[in-house]
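Below are the chains, spelled out letter by letter.
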Amino acid sequence: MVENNLFKNGDWVQGKSRDGELIHGFVETVSDNREIVKVNVVESDNEKAVGKSIWIPSKWTEKLPDLEISNEAHLLALIDLALLSKDETWFMELSGKLESIKIHPKITARKSEVQIPGNRIAKLDFK
């Protein structure tokens, strides 16, 4: 993995755990020296890791690109995730985007397929 010391809370990442498990999740905490990050695992090839937070070296982790989502159904799913993770800031951001879509209904998202290189966990398809 490419070393990336620019992680901040809320960044979506993928990487490997100390046991070599593939993980996909979001950063909860970055250590003071930025050498390790605490990741809330959303998806993994080890089902027991899903839903748990683990510390991993930042050099074994890479930040995923930010995706601009303007589809109402996807925003509602992300709002549910923000509520489950108790992330008020993210919830407010997503709610604002959802409200914007409702005010301007002619703005539609075009279909794009995003595949993250080297990601064996999932292929994301946003319509």
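Residues numbered from 1 in each chain as written. Predicted model: local features only at pLDDT ≥ 70, side-chain atom pairs only at ≥ 80, totals over all residues. Heavy atoms only, no water.

1. So, the overall build of the chain
In step 1: A tally of helices and strands in the chain yields two helices and seven strands.
In step 2: Along the chain direction, N to C, the helices and strands of the chain fall in the order β-β-β-β-β-α-α-β-β.
In step 3: Restricting to contacts in the chain with at least 6 residues of sequence separation, those with at least 24 account for 43%.
In step 4: Working note: accessible area of the chain is about 8,500 Å², and carbon and sulfur atoms make up 52% of it. (Helix = DSSP H or I, 4+ residues; strand = E, 2+ residues; numbered from the N terminus. Contact = heavy atoms within 4.5 Å. Areas by Shrake-Rupley, 256 points an atom, 1.4 Å probe, with all protein chains shown as cover.)

2. A look at unusual backbone geometry
Negative phi characterises most residues that are not glycine, and trans characterises most peptide bonds.
In step 1: Unlike most non-glycine residues, Arg-34 shows phi in positive territory, near 65°.
In step 2: Given the relative accessible area of 32%, Arg-34 is considered partly exposed.
In step 3: In the Ramachandran plot, Lys-86 falls in the positive-phi region, its phi being about 55° despite a non-glycine side chain.
In step 4: Mapped onto the elements of the fold, Lys-86 is located in the loop between helix 1 (72-84) and helix 2 (88-103). (Buried < 20%, exposed > 50% of the residue type's maximum accessible area, 1.4 Å probe, protein only.)

3. A word on the packing of aromatic side chains
When we look at a pair of aromatic rings, we describe it by the centre distance and by the angle of the planes.
In step 1: A full pass over the atoms with the stated rule returns two aromatic pairs.
In step 2: Among the aromatic residues, those joined into a ring-pair cluster are Trp-12, Phe-26 and Trp-90. (Phe/Tyr/Trp six-rings, centres within 6.5 Å; stacked < 30°, edge-to-face > 60°.)

4. A look at the packing of helix 1 against helix 2
In step 1: Viewed as axis vectors pointing N to C, helix 1 and helix 2 meet at an angle of 160°, and their least axial separation amounts to 9 Å. With respect to their mutual orientation, helix 1 and helix 2 come out roughly antiparallel. For the crossing formed where helix 1 meets helix 2, the hand is left-handed. Residues Glu-72, Leu-75, Leu-76, Leu-78, Ile-79, Leu-81, Ala-82 and Leu-83 of helix 1 form the contact with helix 2, whose own contacting residues are Trp-90, Phe-91, Leu-94, Ser-95, Lys-97, Leu-98, Ile-101 and Lys-102.
In step 2: Class assignment for the residues of the contact of helix 1 with helix 2 results in 12 nonpolar, one polar and three charged. (Axes fitted to C-alpha atoms, helices over the stretch in contact; angles between N-to-C directions. Parallel < 35°, antiparallel > 145°, perpendicular 65-115°, else oblique. Left-handed = near helix turned anticlockwise from the far one by under 90°. Nonpolar A, V, L, I, M, F, W, Y, C, P; charged D, E, K, R; others polar.)

5. Thoughts on the pairing of strand 3 (residues 36-44)
In step 1: Of the pairings in the sheet, the one linking strand 2 (residues 22-30) to strand 3 comprises seven bridges and is antiparallel in character. By the bridge assignment, Val-30 is partnered in strand 3 with Val-37.
In step 2: Counting the residues that bridge the hairpin from strand 2 to strand 3 gives five residues, and of these Arg-34 lies at a positive phi of roughly 65°. (Pairing = 2+ DSSP bridges.)

6. Observations concerning helix 2
It helps to recall that an α-helix has 3.6 residues per turn; residues three or four apart then point in one direction.
In step 1: Over its 16 residues, helix 2 runs 22 Å from end to end, which matches the ideal 22 Å to within 8%, given 1.5 Å per residue.
In step 2: Along helix 2, the positions that sit buried rather than exposed are Trp-90, Leu-94, Leu-98 and Ile-101. The buried residues of helix 2 occupy an angular sector of 70° when the element is viewed end-on, so they sit on one face. In helix 2, the exposed positions that point more than 90 degrees away from the buried face belong to Glu-88, Thr-89, Met-92 and Ile-103.
In step 3: Residues of helix 2 that are buried in the fold lie against strand 1 (12-16) and helix 1.
In step 4: The backbone nitrogen of Thr-89 lies 3.4 Å from a side-chain oxygen of the residue at the head of helix 2, namely Asp-87. (Expected span 1.5 Å × (residues − 1). Arc of directions from axis to C-beta. Polar contact = N/O pair within 3.5 Å; in protein donor to acceptor, adjacent residues only side chain to side chain.)

7. Here's the deal with the environment of Ile-23
In step 1: If you trace the backbone, Ile-23 turns up in strand 2.
In step 2: Judged by relative accessible area, Ile-23 falls into the buried class, the value being 1%.

Remember that the coordinates give geometry; whether it matters functionally is a separate question.
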